[in-house]
Amino acid sequence: MLMRKTCITAFVLFALACATQAHAQTPYGIGRAAMPAEIAGWNIDVDRHGDNLPPGSGGVSHGREVFDQQCAACHGARGEGGIGEQLVGGQGTLATPKPVQTVGSYWPYAPTLFDYIRRAMPQNAPESLSNDDVYAVSAYILSLNGLLSADAILDARTLSEVKMPNRKMFVDDPRPDVKNPACMAHC
Amino acid sequence: MTEPTDTGKDIGNDIGATSRRRFLRRSGVLVGGAVIAGGFAASETVVASESGDNLPPNVPEWMKTPGDPMGSQPYGTPSPFEKGVVKNIEKDLPQYLSASGRTPLQDLDGIITPNGLFYERHHAGVPAIDPAQHRLMLHGLVDRPLIFTMDDLRRFPSESHIYFLECSGNPAYKKPYGKTASDLVGLVSCAEWTGVSLKLVLQEAGLQAGAKWVVAEGADAAALTRSVPIEKCLDDAMLVYSQNGERLRPQQGYPLRLLLPGFEGNMSVKWLRRLRVATEPTYSREETSKYTDLMPDGTAREFTFYMEAKSIITRPSGGQRLSAPGFHEISGIAWSGHGKVSRVEVSVDDGKNWQEAQLQEPVLTRALTRFRLPWHWDGQPAVIQSRAIDETGYVQPTLAELLAVRGENYYYHNNAIWPWRIAADGEVTNAYA
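It should be emphasised that the depicted structure is a prediction, and the values quoted were computed from it without experimental measurement.

This part takes up the overall build of chain B. Helix and strand counts for chain B come out as eight helices and 26 strands. Across the 433 residues of chain B, 46% fall into the buried class. In chain B, 70% of the contacts between residues at least 6 apart in sequence involve partners at least 24 apart.

Below, the discussion takes up the nonpolar core. In terms of nonpolar packing, the biggest core is built from 137 residues, with V137 of chain A together with V214 and L239 of chain B touching the most fellow members. For this core, the leading source of residues is helix α6 (residues 131–144) of chain A, giving nine residues. Taken domain by domain, this core gets at least three of its residues from each of domain 2 (99–301) and domain 3 (310–430) of chain B. Apart from residues no more than four positions distant in its own chain, L239 of chain B is found in contact with L153, G195, V196, L198, V201, L256, L258 and L272 of chain B.

Below, the discussion takes up the environment of H376 of chain B. All names here are of chain B. Its place among the elements puts H376 in strand β23 (residues 369–377). Along the chain, H376 and G326 lie 50 residues apart, while their C-alpha atoms are 5.2 Å from each other. Apart from residues no more than four positions distant in its own chain, H376 is found in contact with G326 and F327.

Okay, the sheet that holds strand β3 (residues 99–102) of chain B next. All names here are of chain B. Pairing is antiparallel across the open sheet formed by three strands, whose spatial order is β2-β3-β4. Edge positions in the sheet fall to β2 (88–89) and β4 (120–122), since each of these pairs with one other strand and no more. Looking at chain direction, β2 and β3 are connected through two bridges and run antiparallel. Paired with I89 across the two strands is G101, which belongs to β3.

Here we come to the interface of chain A and chain B. A common way to express how large an interface is: the accessible area buried when the components associate. On the chain B side, the residues contacting the 47 residues of chain A number 57 residues. Within the residue set of the side of chain A that touches chain B, elements represented by two or more residues are β1 (32–33), α2 (36–42), α5 (111–120) and β4 (170–171) of chain A. With five residues, α5 of chain A is the largest single contributor of residues to the side of chain A that touches chain B. Its residues assigned to classes, the side of chain A that touches chain B shows 27 nonpolar, nine polar and 11 charged. Judged from the two bridges that link them, β4 of chain A and strand β16 (residues 300–301) of chain B form a sheet pairing that is parallel. Bridging from a neighbouring strand, V171 of chain A pairs with R301 of chain B of β16 of chain B.

Residues and elements named next belong to chain B. Burial within strand β5 (residues 136–140) is extensive, with five of its five residues counted as buried. Every second residue of β5 is oriented toward a common face, with L136, L138 and G140 on one face and M137 and H139 on the other, all of them buried. Where β5 and strand β6 (residues 146–148) come together, three bridges link them in antiparallel fashion. Each bridged residue has a counterpart across the sheet, and for L136 the counterpart in β6 is F148. The hairpin formed by β5 and β6 contains five residues between the paired strands. In the sheet, β5 pairs with strand β14 (residues 272–278) via four bridges, with the strands oriented parallel.

This part is about α5 of chain A. All names here are of chain A. Counting buried residues along α5, 10 of its 10 residues qualify, which places the element largely inside the surrounding structure. Every buried residue of α5 is listed here: P111, T112, L113, F114, D115, Y116, I117, R118, R119 and A120. For α5, the secondary structure elements touched by its buried residues are α6 and α7 (156–161).

Moving on, we come to the sheet that holds strand β20 (residues 341–347) of chain B. All names here are of chain B. If you walk across this open sheet you meet the five strands as β21-β20-β24-β25-β26, and the pairing is antiparallel. For this open sheet the edge positions go to β21 (355–356) and β26 (428–430), each flanked by a neighbour on one side alone. Alignment of β20 against β21, held across two bridges, turns out to be antiparallel. If you follow E345 over to β21, its bridge partner there is E356.

Conventions we followed
Residues numbered from 1 in each chain as written. Chains lettered and ligands numbered in written order. Predicted model: local features only at pLDDT ≥ 70, side-chain atom pairs only at ≥ 80, totals over all residues. Helix = DSSP H or I, 4+ residues; strand = E, 2+ residues; numbered from the N terminus. Buried ≥ 20, exposed ≤ 12 C-beta atoms within 10 Å, placed from the backbone. Contact = placed C-beta atoms within 7 Å. Core = buried A, V, L, I, M, F, W, Y, C linked by C-beta atoms within 7 Å. Domains from an automatic or database assignment. Pairing = 2+ DSSP bridges. Nonpolar A, V, L, I, M, F, W, Y, C, P; charged D, E, K, R; others polar.

Encoded structure:
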């Protein structure tokens, strides 16, 4: 009996110790828990593998309509650039004196296109396009670059599968890469 | 100028007639100084025709009547005579939502940049954020996803440090090159930052295994996103709410920004609203299509975080003029993302011979460092330049040395030595322009 009582007491003490320890894991006890729905509402990050791409889909032909309405005024009728950046062309120019860096010639990952359009475009009304429209306009821009056929439809899976031509041309930072001999006199 | 109301009016946008007259007279005083800013030279003739009413032996007019009463400027602004010292913003850009404004380095002294002159770079304008409705969300590979209010963040132990911040593209490698120090490297500034160590905030949430990167997102219309290696986050990274003693200015990320000392400026995400702990970078547009460095062979360097050692002479510098042969102090700023500046060397003979400049103490890690060298100008044409050496032993390179390795298409991280040419008449210009 005494043994059992001791055990129970020990258990309660242990549990209390655990609870105290759990509390001690937050050194300052500042902030409140972020609820899953709150995180889901804010976390629109899409990584290079397409993780966290939302449901929905859109094709090249609808993408052209979206582009004409929302993008062409700045980026040109066929993505040739204007106030906004050139989005199309430039493949084969990166190692020349006049490189043209576009989605087609430079961007290494297709899901980044969805991520950027959704969070930042159109510049006058970011996060105003539906996910379907973002898939569609992504498809149109990729098709203008010759990376999708004219009847292609993109969703989370197919966008993640698009292989960008410049994918393997990115390298790590090798700096310091330039050496000044620091001549002091009669240089 | 006898009534306080007139004085009050002068403080507004325009300078009254009396003040303008004062301004011209004041310019006359400057003519006697060592260095004349280019813009002031035109008033010389006007000044010559003015009488010396305010000069010895006369009593100046501003001693004959009381000055502005207390409270005429609840938030102080510079003298109206300094109204030309403003951010250097390029004219005729196609758009100004994604653009930058430069610090007028050649008009500043010491190492601290006044908040109103701190350089700006934003990607979709400056948001107007109500701090009471601003939240920082911390989630991803953490034990306890958390949301903080601004009051919450100010409850953490605070710290203050002086660090420079520099835009990665400062300047480009291609011509045309700028005329002034500000044109060339005005996308660097330095301030005392106050906030909380990012490490403390991450520990509050508890990092999980596999936490290698922290993806930071701004609450601007670009929702600008950059990935930061966990090593930096657990080292000297800060969540900052104050700059030079006062709350951040909207242009600097009010009410909250990330600050990554020594890293390219865009990574110190402004208007910070979210931190996601992850195993991989997010490969956002701003770390793939932008802020990557294109090499001549078509490869591109990614995640090029550090700003390497650099310096520039700010006085005398492009756009200024030496009034006469004789004594002139050469002064400038040096900095390195890799730590402290250990030496600055200056050449006054077009790079043939170099001598060590004095460094203003204390020399701080990843802060601007002011250097000075006394100089006697003999009135002959000269080319002057400076080079910084940091505590890793790295020496600031020449533009030719950079171009030989990186080529002209390499847009960011130009830390070249920049020489100034001084003509026989004292005019100072960019030696490469």
